[in-house]
Structures are given as structure tokens and as C-alpha cells.
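One letter stands for each residue in the lines below.
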Amino acid sequence: MPRVSEEHLERRRQQILDAAQLCFARKGFHETSMQDVFAESGLSSGAVYRYFKSKNDLITALATQTMVTVRATMSELIHGDQLPTPAELVTTLAELVVAQSGPDGPIRLAPQVWALALVHPEASEYVKGAILAMRGLWQEYAELMREAGWLPADADTHAVASAMICFLPGFMLQHLIIGDPDPEAMARGVKTLLPYGEPAAQPATI
């Protein structure tokens, strides 16, 4: 009997994740049942459970995919040929959030995973790891800002990262729940607060 290829297994796994994403985005994590996922994916319960044992496993896997995309985008931006200003960086990340936060968008799952992390140990470990990885990127950016002369030579880059990481979750929640601000408004606010690298901007003291 021929062995199932790794490519086939990955396609099936992604088929299940795509179905779960649609269900969670439309109905929310708590209102979605595994039966909903079976129906949306067109697969049997046994086929789904072969890959994912629970809704918690599904939403954690989906959130992992989403945050990997965000981190990869940020990493590419800050390690490019020209260091983006804080306003430029936040604008691009905000635009990514908007692009992935439609009715069936994966960004809509992020707040649901954050809530799950408060009561579920496995989700908590994932979310903690994701936050630390993202904060690590912000610290890399702060160090690059310091090297560029945008921050004082003695700036505490860990403290800067801990503050700047708040921009993206704050934008996500406002955009998903209130419907504003848009990336351009976010950029104006960040540019006013953190004018580093902008024309005619003067370095501020932290």
C-alpha cells in the first residue's frame, strides 16, 4: 500500500485550518463546534482529529500562522537597506492587519487566542512565546534606531521595545471593534509622538 506523501498530509492539514479559520471568524471560538469544522472542511471527524485533537489546537495553530506572517514582515522591514521610521514601520504593519482582518480574516482570531491564553495553559505558552518573539523584534528595531542616532546612546532598548510593541495590538483592537483608526491616522499619531528619522525632526531625550 503506497505511503501518503508529506505534501498530501500538509495539504490536508491546511484544508482543516482553512475551514476552522472561516468558522472561528464567522461565529467566534466559543460558538464554533468541531462539527462545524467537519462540515466546513468536508472531512470526517476521524480525518480532522488525526491532525488536531481540539478547538484549542486549531486556534493556536491558526494564530501561529498569522503571527509568523506579521513577524516575517516586520523582520524584513527593519533589516532592509534603509531603516524605516517608526511611522513607516507602524503604517506597513497596520496595513497588513487591515488586509487580514476582513470577515473571514485570520487577524480576527488574535484577540480570541489572547482571551484563551488567560485560562488555557497550552495557549498561554504559545501566546507568551509569540509576544516575547515580537518584543524581541521591537528591541532589535530599537537597537537599530539607537545606532542610527534616533535614540540617545544610553537608551534602554528593552524599555523602548516594551512600549512600542503596544502599538500593534492596540491598533488591532480598535480596528476590529470600533472600526477605526485607519493606517494613515495611526501613522500621523506615531509620527507626532516619535518623529525619529523624519525630515526636520530633532532627536528627543528618553
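Residues numbered from 1 in each chain as written. Predicted model: local features only at pLDDT ≥ 70, side-chain atom pairs only at ≥ 80, totals over all residues. Heavy atoms only, no water.

A. Spotlight on the nonpolar core. Counting residues in hydrophobic clusters, the biggest one holds 60 residues, and the most contacted among them are Phe 24, Leu 58, Met 74, Trp 138, Tyr 141, Met 145 and Met 164. The dominant element in this core, judged by the number of residues it contributes, is helix α7 (residues 121–147), at 10 residues. With residues up to four places along the chain from it excluded, the contact list for Met 74 reads Leu 89, Leu 93, Met 134, Leu 137, Trp 138 and Tyr 141. (Core = buried A, V, L, I, M, F, W, Y, C linked by side-chain atoms within 4.5 Å. Buried < 20%, exposed > 50% of the residue type's maximum accessible area, 1.4 Å probe, protein only. Helix = DSSP H or I, 4+ residues; strand = E, 2+ residues; numbered from the N terminus. Contact = heavy atoms within 4.5 Å.)

B. Just helix α2 (residues 34–41), in detail. Within α2 the residues assigned to the buried category are Met 34, Val 37, Phe 38 and Ser 41. Projected down its long axis, α2 shows its buried positions confined to an angular sector of 100 degrees, all on one face. Away from its buried face, by an angle of more than 90 degrees, α2 presents the exposed residues Gln 35 and Ala 39. Buried residues in α2 make contact with α1 (6–27), α3 (45–49) and α4 (55–78). (Arc of directions from axis to C-beta.)

C. Molecular detail of a negative patch on the surface. Residues Glu 95, Asp 180, Asp 182 and Glu 184 make up a contiguous surface patch of negative charge. Relative to the elements of secondary structure, Asp 180 occurs in the loop between α9 (167–178) and α10 (183–193). Given a relative accessible area of 40%, Asp 180 falls into the partly exposed group. (Patch = residues over 30% accessible without salt bridge, like charges linked within 9 Å, V, L, I, M, F, W, Y side chains within 5 Å. Areas by Shrake-Rupley, 256 points an atom, 1.4 Å probe, with all protein chains shown as cover. Salt bridge = Lys/Arg side-chain N within 4 Å of Asp/Glu carboxyl O. Lys, Arg positive; Asp, Glu negative; His and termini not counted. Charge placed at Lys NZ, Arg CZ, Asp CG, Glu CD.)

D. Representation of the side chain of Ser 101 in the model. Secondary-structure assignment places Ser 101 in the loop between α5 (86–99) and α6 (110–117). From its side chain, Ser 101 meets the backbone oxygen of Val 97 in a polar contact 3.0 Å long. One polar contact links the side chain of Ser 101 to the main-chain carbonyl oxygen of Val 98, over a distance of 3.2 Å. (Polar contact = N/O pair within 3.5 Å; in protein donor to acceptor, adjacent residues only side chain to side chain.)

E. Seen up close, the packing of aromatic side chains. In this structure the tally under the stated criterion is 3 aromatic pairs. Between Phe 24 and Phe 29 the ring centres are 5.6 Å apart and the planes differ by 50 degrees, which places this aromatic pair in the tilted class. Each member of the pair, Phe 24 together with Phe 29, is buried. Their ring planes at 75 degrees and their centres at 5.5 Å tell us that Phe 38 and Tyr 49 sit as a pair that is edge-to-face. Of this pair, Phe 38 sits in helix α2 while Tyr 49 sits in helix α3; the two residues are 11 residues apart in sequence, bridging distant segments of the chain. Residue Tyr 49 is classed as partly exposed on the basis of its relative accessible area, which comes to 31%. Here Lys 55 stacks its cationic end above the ring of Phe 29, 4.6 Å away from the centre of that ring. (Phe/Tyr/Trp six-rings, centres within 6.5 Å; stacked < 30°, edge-to-face > 60°. Lys NZ or Arg CZ within 6 Å of the ring centre and 35° of its normal.)

F. Focus on the confidence of the model for the chain. The share of residues in the chain with pLDDT of 70 or more is 95%, and the mean pLDDT across the chain is 91. Within the chain, the element-level pLDDT minimum falls on α6, averaging 88, and the maximum on helix α8 (residues 157–164), averaging 98. (pLDDT = per-residue confidence, 0-100.)

G. Here's a closer look at the layout of surface pockets. By volume, the largest pocket is sized at about 280 Å³. If you go around the largest pocket, you meet 15 residues; those closest to its centre are Met 67, Trp 114, Ile 131, Ile 165 and Pro 169. At 5 residues, the largest contribution of residues to the lining of the largest pocket is made by α7. For the lining of the largest pocket, the class distribution of residues is 15 nonpolar, no polar and no charged. (1 Å grid on protein atoms, 1.4 Å probe; cavity = no way out; pocket = protein on both sides within 12 Å on 5 of 7 lines; lining within 4 Å. Points joined across faces, edges and corners; volume = space filled by probe spheres on them. Nonpolar A, V, L, I, M, F, W, Y, C, P; charged D, E, K, R; others polar.)

H. Structural context of the pattern of salt bridges. Using the criterion set out here, one finds 4 salt bridges in the structure. Salt-bridge contacts for Arg 26 lead to Glu 40; the nearest nitrogen and oxygen are separated by 3.4 Å. Here Arg 26, found in helix α1, pairs with Glu 40, found in helix α2; they are 14 residues apart in sequence, far enough to count as distant. Overall, the relative accessible area of 35% leaves Glu 40 in the partly exposed class. Of the charged contacts, one joins Asp 36 and Lys 27 as a salt bridge, the two residues approaching to 2.9 Å between their closest N and O atoms.

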